[in-house]
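Observations on chain architecture
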Amino acid sequence: MITFQHVSKAFDGVTAIDDLSLTINQGEFTVVIGASGSGKSSALKMINRLLEHDSGRILFVGREIRSFKPEELRRRMGYAIQSIGLFPHWTVEQNIATVPDLLHWPRSRTRDRVTELLETLKLPPDMYRNRYPHQLSGGQQQRVGVARALAGDPDMLLMDEPFGALDPVTRTALQHEIARIHDASGKTIVLVTHDIDEALRLADRIVVLDRGHVAQAGTPREILSNPANDYVADFIGRSDVGIKLLGLYTVADCLRPDEVVAGSPIASTASLREALSAFVAQRVERMPVVDEHDRPAGAIALADLLRLKS
Amino acid sequence: MRSLAIPQSVKFVRNRVLLVLIVAGLLAGSGLAFLTAAPNRLVTGTGIRLDACLGGWRASLLLPAAALMLGVFLTAMRRTHVVMAIAATVLLTGFVWLAGDEARRLAQAGSPLSRTSFGGGFWLLVFVSWLAAADSIQRLRLRVPAMIAANVAVIAPSIALLLAGELAQLSVLKEYANRQGIFYTAFFRHLQIVVFTLLPTLLLGVPLGIASFRRERWRAPVFAVLNVIQTVPSIALFGLLLAPLAFLALHVPALSRLGIGGIGIAPAVIALTLYSLLPVVRSTVAGLTQVPAPAIEAAAGMGMTRGQILRRVQIPLALPVFLSGLRVATVQTVGLAVVAALIGAGGMGALVFQGLSSSAIDLVLLGVVPVVALAVAFDATFRLIAGALTP
């Protein structure tokens, strides 16, 4: 859906993006990650032409993005940022309706869309529709920010560290929402973050940027199992790679369906990371597994965690 | 439940503002003349003290003052503030009525040429009572429209007395009666000067403000020039415009046919426009600067054009700050327009200077009081609009 071909960009002679080539596939949740100054935000802003590239080509649905009018391009790409940027003089409803209004949607369609998005983001419409941004908590504001980015039913969603300023609990809740929205809508999402856990939790594909070029791109499992170089290895954290890897698998991946053991059970949907924690906490080597309806589904053994094929 | 504990001695005085006002009122009432009486409009009169006017039942007009004294020691509650505001209003109205009534009594006794004028004591007592009312209203923390309504209610009874002719025997109103025609001509001319000044100020100031907001390197020179203009005294600026405009009028007959010349309304409007540019341009820039940068980035990121960002985001968010600048410019113009009478622009200044040159202080007052009222009215109107625009 988006292709970077040998793209470069410099600010006042300092290179920010250096011969970047990258493909973002339709329907994929891509997380761009890197240290500060790695060019991750710049790369994102080049997609909707908030920044113009100096050289190379950026293609959107097969066409160079410069052949689009910037406004037309941006209305087809939802945009959410860390500081949210809600309009303080507009109500929640007016904020969310920004892009539908720019696209001249009929009033009733816009209203229905706002109602639908408020429900999706767990903000009861009757309660929140007419509030002003200053009457909302930080987490609620970012929910409205995400709803606003989705409102025009864009082809793709660009998110620049959208959850960076939130507390851990709110951040996790919103990560779940955005993952759910991605699963339900199949929208292409590009999210920029410096938080490796957020990347591992959300991404179909992770792009690690270092000084303006791709250090490594791949699925979370590929990145964790085979870091391409020291920069990537440092970035994902050397000391707890194993734990992070376990976080990408569920108990169902290691299930022994026919075994029956005694003890307190673990859900088959839990991650292996949680399973390891349960083994240690309960001082056992085997424990029973139940499915989502709490029915016995088999067992899992501590030793199985070592036999994962990566 | 309210605490019934005995207050500490330092806490004994609950309302220090009211205390200061009452002390000032007592000094003004006992030390300064409430009214002055003169055999004709030009000589200086002899003072009449407040206590001389308070014979018989009239002494009861001071009862609200006693209530206000009590208010100094009462706990700050909404009810207290409401009672104090009402007491101060009654007191204010009482002083105004007393002045009119005393003037009427003196007029019946003396010759038709004799004049009764407000004394320093009257002005201070009225001012102090009004401050007490305004302070109590302030403490109620009302919303802007309710606050303005309450302030209007404070002066409404006094205005009613004025309109009912209760003050007709006072010298200022005799001056008014003698010059009614001139008074209204001057008043509308004054309004005309203000409107003719604000229109070009907006047409020039807003674009100039937007331009110097967008181009940062314009800002320093633009403000340097406007600041220098602001430091030129108004009379000097009128003088500076005199020569070039007279020259233009002489050589371009079309301009002089339009009424543009070295003296008259044209140089006044030009000078006043130059003065009001600074607050308008500065508030335009300040208003646009305080629009949150993330809101603008989000607006651009969602596909608003530059014009849409300006109209839908920047202007609405800059408007309250901008309006406060326009308010300053308007109030300043109302005041400065008085001086414009010196170069033949007319307006209330004409009455003021006529009064000054003939030492008729009441004529000066007739010119000044409406200007003050006009400035206060504009100020309140702009505050009302700005309050309504803030969510």
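This is a predicted model, so every value here is computed, not measured. (Residues numbered from 1 in each chain as written. Chains lettered and ligands numbered in written order. Predicted model: local features only at pLDDT ≥ 70, side-chain atom pairs only at ≥ 80, totals over all residues. Heavy atoms only, no water.)

Moving on: the side chain of Gln142 of chain A. Residues and elements named next belong to chain A. Relative to the helices and strands, Gln142 resides in helix α7 (residues 138–150). On the basis of relative accessibility, which here comes to 1%, the residue Gln142 falls in the buried class. Only 2.5 Å separates the side chain of Gln142 from the backbone oxygen of Pro162, close enough to count as a polar contact. Setting aside anything within four residues of it in sequence, one finds Gln142 in contact with Ile81, Gln82, Ile84, Pro162, Phe163, Leu166 and Leu174. (Helix = DSSP H or I, 4+ residues; strand = E, 2+ residues; numbered from the N terminus. Buried < 20%, exposed > 50% of the residue type's maximum accessible area, 1.4 Å probe, protein only. Polar contact = N/O pair within 3.5 Å; in protein donor to acceptor, adjacent residues only side chain to side chain. Contact = heavy atoms within 4.5 Å.)

This brings us to the packing of helix α8 (residues 180–214) of chain B against helix α16 (residues 361–389) of chain B. Each packed pair of helices is defined by two parameters, the angle between the axes and the distance between the axes. Residue and element names in this part refer to chain B. Interaxial distance between α8 and α16 falls to 11 Å at its minimum, and their mutual angle equals 40°. With respect to each other, α8 and α16 are oriented oblique. For the crossing formed where α8 meets α16, the hand is right-handed. Residues Phe183, Phe187, His190, Leu191 and Val194 of α8 pack against Leu366, Pro370, Val371, Leu374 and Phe378 of α16. When its residues are assigned to classes, the contact of α8 with α16 shows nine nonpolar, one polar and no charged. (Axes fitted to C-alpha atoms, helices over the stretch in contact; angles between N-to-C directions. Parallel < 35°, antiparallel > 145°, perpendicular 65-115°, else oblique. Left-handed = near helix turned anticlockwise from the far one by under 90°. Nonpolar A, V, L, I, M, F, W, Y, C, P; charged D, E, K, R; others polar.)

We now examine helix α5 (residues 120–139) of chain B. All names here are of chain B. In a regular helix each residue adds 1.5 Å, so 20 residues correspond to 28 Å; α5 covers 28 Å between its end C-alpha atoms and thus fits that length. All of the buried residues along α5 are Gly121, Phe122, Leu125, Val126, Val128, Ser129, Ala132, Ala133, Ala134, Asp135, Ser136 and Ile137. Where α5 is buried, its residues touch α1 (16–31), α2 (50–53), α4 (78–109), β3 (115–118) and α6 (144–163). Positive backbone phi, at 50°, marks Arg141, one or two positions downstream of α5. (Expected span 1.5 Å × (residues − 1).)

The next subject is the pairing of strand β1 (residues 2–11) of chain A. Taken residue by residue, a regular strand's side chains alternate between the two faces of the sheet. All names here are of chain A. Sheet analysis places β1 next to strand β2 (residues 14–24), joined by seven bridges and oriented antiparallel. Bridge pairing in β2 links Phe11 to Val14. Pairing geometry for β1 and strand β4 (residues 55–60), over five bridges, is antiparallel. Residue pairing across strands places Ile2 opposite Phe60, the latter belonging to β4. (Pairing = 2+ DSSP bridges.)

As a further point, take the interface of chain B and chain A. Contact with chain B, which involves 18 residues of that partner, is made by 24 residues of chain A. Surface buried jointly by chain B and chain A totals about 1700 Å² across both partners, of which 70% is contributed by carbon and sulfur atoms. Scanning the region where chain B abuts chain A turns up one salt bridge. Notably, a salt bridge pairs Glu297 of chain B with Lys45 of chain A, separated by 3.8 Å at the nearest N-O pair. Inspection of the region where chain B meets chain A yields five residue pairs in polar contact (both at pLDDT 80 or more). When residues of the side of chain B that touches chain A are traced back to their parent elements, those giving at least two are α13 (293–301) and α14 (306–336) of chain B. Considering every element that reaches the side of chain B that touches chain A, the biggest residue donor is α13 of chain B, with seven residues. Along the lines of polarity and charge, the residues of the side of chain B that touches chain A split into 12 nonpolar, four polar and two charged. (Buried area = accessible area lost by both parts, 1.4 Å probe. Salt bridge = Lys/Arg side-chain N within 4 Å of Asp/Glu carboxyl O.)

Note that every value here comes from positions in space, so none of it alone points to a role or purpose.
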